[in-house]
Amino acid sequence: MTEQPVSTAELADRAHRARENVLAMGATEHGTHVGGSLSAVDILTVLYGSVLRYRPEEPTWADRDWFVLSKGHASAALYAVLAEHGYFPPEECASYGQRRSRLAGHPLRRLPGVEFPTGSLGHGLSLACGVALAMARTGRDNRVFALLGDGELQEGSNWEAIMSAAHFGLGNLTAVIDRNGWQITGRTEDAMALEPLADRWRSFGWSVVDVDGHDLEALRAVFGALPAAPDRPTVVIARTLKGRGVPIFEDNRKSHYVRLTPRLHERAVAGLNARRRNRT
Amino acid sequence: MTTAEERPAPVEDSWAALYQGAARDTYRRTLLELARTDERIHCVDSDMGGFEDGFAAELPGQYVNVGIAEANLFGLSAGLAAAGLIPFANTMSAFATTRAAEQLKLDVAGSSLPVRIVATHGGLSAGHYGPSHHALQDLAILRTMPQLTVLVPADAGETALAVRAAAYHPGPVFIRLGRNPTPQVHPEPYAFTIGEAVRLVDGDDVALLATGPLPVHYALTAARLLAERGISARVLNMHTIKPLDRAAVLAAAQETAGLVTVEDHLVVGGLGGAVSELVTSEHPCRVRRVGIEDRYLDSVGDERDLLEDGGVTVDRIVTEALTLLGAARSDSPDQRRK
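All values reported here derive from a predicted model rather than from experimental measurement.

1. Considerations on the environment of Asn65(B)
All names here are of chain B. With respect to the helices and strands, the residue Asn 65 is situated in strand 2 (residues 63-65). Separated by 19 residues in sequence, Asn 65 and Ser 46 have C-alpha atoms that sit 5.7 Å apart. Looking at Asn 65, its side chain comes within polar contact range of the main-chain nitrogen of Asp 47, at 3.2 Å. At 2.9 Å, the side chain of Asn 65 forms a polar contact with the backbone nitrogen of Gly 67.

Below you can see the structure in the form of structure tokens.
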């Protein structure tokens, strides 16, 4: 939990370090979901840096806001951001995918900061709905956030959850969609079209907010203005780039799952640093 | 608005009254009684019918209907439980275990959250509805879920005891109920303990291990028929499928000529499978499994008709017990092996 507002420059630094860490995890023995992790880093950084209420030293603090990573394959991004925000030492990220590590390819509940084990797609929003409903029923003001992939929305269980969250009037619930436009086989619109995405959520009774998922100030403004309506859930459709920040991976289907060889890792990190220099 | 006078009497005072209906009616009454005294207890419905005039009318703040959506039923219930509530998630056993198996595996059992799943229409109790509503592999699926406790009450009264025991049991619990009124097995309340089989009849010649209302009833009837032939059959009510009562099963294996398992479930993976797996490693003995044979029941009939079509009858239990005794006698011609 942050005592004082974190500057946007500081958030950018954290996001950069998280991306470096994602690449490092991609360079371990089994590799990782690089593209979908890099597209989610800025969203996660803003949530943990300036939105969520939590105590890393007390992960199950009763007054915390809840975060559910429904797109569990972006675990590397979550680990990098949790480590950046004090849940465990960043050095532990080196254990990613190693035997008996707490850092699996999809999140394990034993890791501080992970509320539910996820990875099988289409589970997170139902879990988040249950937590949000419990908070509403017991008069608590904890908020609940779930980060979903866009391809994941093809799972029908999501639409059961979307329907129910609106039906129960869960103003304390926010779904964030990492709308990077890709899934394993190609563009989401070619595999199984999701558009008109905003209209679909709106027609199910949600408030819909559209934002550039890499604009840290815009993300902060959107999250800071929640809920969009007090008695209905909000979905933030965050337009992102798969592989964001690393030129060779950006908007590239093949960045979905990568095992970075030492040479590729070096190239990726150089690209990441160059991209950052050009921006600042 | 229901007044206090109109409310059903507490379960302890009305054991006999519990037999006025099916186990699911008893369950609904018991759940309402529990929920009145503990606002953490929530009834999560999936359009099952039966809660709207009772539970939902009296305790609307503790009632949630997710509609016809089993995946969301389990995911949302897991969320409620993680946030400190005690949800009772209601559906039919076939849908709980096959349609929403992944939510059961990951969100409920995987996280060991205190979700209580109460599934009606177990076995062939909705047999006349057709194969979509037959729950004949539910126990096999449930047995593969680590951290999950699986209860199968034998009658309506035992259902009340099981629901009460489950309410504050640490970890997730699945309670499998039937749909129809079934015979009374327990004449009075007793000390129901999760994981402890109940010896309904003493006997050392052969042991009949049964789970579920009609299987237990059939086993009791078979034991009476065997007694008429001078054979003493031990009858165990295996109301807990997981964790299995190892001591009771192994004692039966050691003290009798063999075990007959009886269930309204496929012969693969249910009680017969659980018992066989245990004795194979701990005390190898003969096990005869009475259950639904490996076939798709696409005929019409009520619960008893379909059990008969599938191979679960009193005669069959008697025959299997006699076969076991015959085999035991041929093993040691001078005396029955104990």
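2. Overview of the pattern of salt bridges
The full count for this structure, using the stated rule, is 33 salt bridges over all chains. Salt-bridge contacts for Glu10(A) lead to Arg14(A); the nearest nitrogen and oxygen are separated by 2.8 Å. Pair noted here: Glu10(A) and Arg14(A) are both in helix 1 (residues 8-26), with a separation of four residues, about one helical turn. Accessibility expressed as a relative area gives 14% for Arg14(A), which makes it buried. Of the charged contacts in the structure, one is a salt bridge between Glu277(B) and Arg143(B), with a shortest N-O distance of 2.7 Å. Of this pair, Glu277(B) sits in helix 10 (residues 271-282) while Arg143(B) sits in helix 6 (residues 138-143), placing them 134 residues apart in sequence. The network of salt bridges with common partners includes Glu10(A), Arg14(A), Arg17(A) and Glu84(A).

3. Describing the interface of chain B and chain A
Every contact between the two is made by 26 residues of chain B and, on the other side, 22 residues of chain A. Carbon and sulfur atoms supply 59% of the area that chain B and chain A bury against each other, a total of about 1,800 Å² over both sides. Linking chain B with chain A are 11 residue pairs in polar contact (both at pLDDT 80 or more), by the criterion used here. At nine residues, helix 3 (residues 70-82) of chain B tops the list of elements feeding residues into the side of chain B that touches chain A. In the side of chain B that touches chain A, the residues fall into 14 nonpolar, nine polar and three charged.

4. Quick look at the packing of helix 3 of chain B against helix 5 (residues 101-109) of chain B
Residues and elements named next belong to chain B. Helix 5 packs onto helix 3 with a crossing angle of 5° between their chain directions and a minimal axis gap of 9 Å. When the interaxial angle is binned, helix 3 and helix 5 end up roughly parallel. Contacts from Ala 71, Phe 74, Gly 75 and Ala 78 in helix 3 reach Gln 103, Leu 104, Asp 107 and Val 108 in helix 5. Looking at side-chain class alone, the contact of helix 3 with helix 5 contains five nonpolar, two polar and one charged residues.

5. Points about the pairing of strand 6 (residues 173-176) of chain B
Residue and element names in this part refer to chain B. The side-chain alternation of strand 6 yields two buried faces, one formed by Val 173 and Ile 175 and the other by Phe 174 and Arg 176. Bridge count for strand 4 (residues 116-120) against strand 6 is four bridges, and the pairing is parallel. Each bridged residue has a counterpart across the sheet, and for Ile 117 the counterpart in strand 6 is Phe 174. Across three bridges, the pairing between strand 5 (residues 149-151) and strand 6 is parallel. Opposite Leu 151, over in strand 6, you have Ile 175 as the bridge partner.

6. Considerations on the nonpolar core
Counting residues in each nonpolar core, the largest one holds 80 residues, and the members touching the most others are Leu125(A), Leu173(A), Trp201(A) and Trp206(A). It is helix 5 (residues 124-137) of chain A that contributes the most residues to this core, nine residues altogether. Counting the residues that make up this core, at least three belong to each of domain 1 (20-176) and domain 2 (198-325) of chain B. If sequence neighbours within four positions are ignored, Leu125(A) has contacts with Ser70(A), Ala146(A), Leu148(A), Asn158(A), Ala161(A), Ile162(A), Leu173(A), Ala175(A), Trp201(A) and Trp206(A).

7. Quick word on the UniProt feature "domain: Transketolase N-terminal" (unreviewed entry) in chain A
UniProt's entry tags residues 26-258 of chain A with the feature "domain: Transketolase N-terminal" (unreviewed entry), counted in the numbering of this structure. Taken end to end, residues 26-258 of chain A comprises 31% helix and 14% strand; its first and last C-alpha atoms sit 6 Å apart.

8. Things to note about the domain arrangement of chain B
Residues and elements named next belong to chain B. As assigned here, chain B comprises domain 1 (20-176) and domain 2 (198-325). Contacts between the two partners involve 28 residues from domain 1 and, on the opposite side, 29 residues from domain 2. When domain 1 packs against domain 2, close to 2,100 Å² is buried across both sides, 58% of that on carbon and sulfur atoms. Remark: the boundary between domain 1 and domain 2 carries two salt bridges. With a shortest N-O distance of 2.8 Å, Arg 176 and Asp 264 are connected by a salt bridge. Listing elements by their share of the side of domain 1 that touches domain 2, those giving two or more residues are helix 6 and strand 5. For the side of domain 1 that touches domain 2, the element with the most residues is helix 6, which contributes five residues.

9. Quick word on helix 10 of chain B
All names here are of chain B. Helix length check: helix 10, at 12 residues, gives a terminal C-alpha distance of 16 Å against a target of 16 Å (1.5 Å per residue), a fit within 8%. For helix 10, every residue scored as buried is listed here: Leu 271, Gly 272, Gly 273, Ala 274, Val 275, Leu 278 and Val 279. Close packing links the buried residues of helix 10 with helix 6, strand 8 (206-211), strand 10 (240-242), helix 9 (246-255), strand 11 (259-266) and strand 12 (287-292).

10. Some thoughts on a negative patch on the surface
Residue and element names in this part refer to chain B. Side chains of Asp 302, Asp 305, Glu 308, Asp 309 and Asp 315 sit close together on the surface and give a patch of like negative charge. Among the elements that take part in the negative patch, helix 11 (residues 303-310) stands out by supplying three residues, more than any other. When you line up the elements, Asp 309 lands in helix 11.

11. A look at the side chain of Thr159(B)
Residue and element names in this part refer to chain B. Summarising the element assignment, Thr 159 is placed in helix 7 (residues 156-167). Relative accessible area serves as the criterion here: at 1%, Thr 159 is assigned to the buried category. Ignoring any residue separated from it by four or fewer positions in sequence, one finds Thr 159 in contact with Ala 23, Tyr 27, Pro 153 and Leu 177.

12. Structural notes on unusual backbone geometry
The step from Glu195(A) to Pro196(A) runs through a cis peptide bond, and the omega angle for that step is 0°. As for its position among the elements, Pro196(A) is in the loop between helix 7 (188-191) and helix 8 (197-203). Following Lys242(B), the chain continues into Pro243(B) via a peptide bond in cis, with omega recorded as 0°. Relative to the helices and strands, Pro243(B) resides in the loop between strand 10 and helix 9. Of note in this structure, Asp251(A) is not a glycine but carries a positive phi near 50°. Within the secondary structure, Asp251(A) sits in the loop between strand 7 (234-239) and helix 10 (262-279). Although it is not a glycine, Ser112(B) sits at a positive phi angle of roughly 50°. Tracing the backbone through its elements, the reader meets Ser112(B) in the loop between helix 5 and strand 4.

13. Some points on the sheet that holds strand 1 (residues 66-69) of chain A
Residue and element names in this part refer to chain A. A sheet is described by the order of its strands in space; here five strands give the open sequence 1-2-3-7-6, paired in parallel fashion. Each edge of the open sheet carries a strand with a single partner, namely strand 1 and strand 6 (207-212). When the angles between neighbouring strand axes are averaged without regard to direction, this sheet yields 20°. The pairing of strand 2 (residues 144-149) with strand 3 (residues 173-179) spans six bridges and is parallel. Following the sheet pairing, Leu 147 is matched in strand 3 by Val 176. Relative to the sheet, helix 3 (residues 41-51) contacts strand 1, strand 2, strand 3 and strand 7, its axis offset from that of strand 2 by approximately 170°.

Parameters and conventions
Residues numbered from 1 in each chain as written. Chains lettered and ligands numbered in written order. Predicted model: local features only at pLDDT ≥ 70, side-chain atom pairs only at ≥ 80, totals over all residues. Heavy atoms only, no water. Helix = DSSP H or I, 4+ residues; strand = E, 2+ residues; numbered from the N terminus. Polar contact = N/O pair within 3.5 Å; in protein donor to acceptor, adjacent residues only side chain to side chain. Salt bridge = Lys/Arg side-chain N within 4 Å of Asp/Glu carboxyl O. Buried < 20%, exposed > 50% of the residue type's maximum accessible area, 1.4 Å probe, protein only. Contact = heavy atoms within 4.5 Å. Buried area = accessible area lost by both parts, 1.4 Å probe. Nonpolar A, V, L, I, M, F, W, Y, C, P; charged D, E, K, R; others polar. Axes fitted to C-alpha atoms, helices over the stretch in contact; angles between N-to-C directions. Parallel < 35°, antiparallel > 145°, perpendicular 65-115°, else oblique. Pairing = 2+ DSSP bridges. Core = buried A, V, L, I, M, F, W, Y, C linked by side-chain atoms within 4.5 Å. Domains from an automatic or database assignment. UniProt positions renumbered as here; feature names shortened; annotations may be inferred. Expected span 1.5 Å × (residues − 1). Patch = residues over 30% accessible without salt bridge, like charges linked within 9 Å, V, L, I, M, F, W, Y side chains within 5 Å. Areas by Shrake-Rupley, 256 points an atom, 1.4 Å probe, with all protein chains shown as cover. Lys, Arg positive; Asp, Glu negative; His and termini not counted. Charge placed at Lys NZ, Arg CZ, Asp CG, Glu CD.

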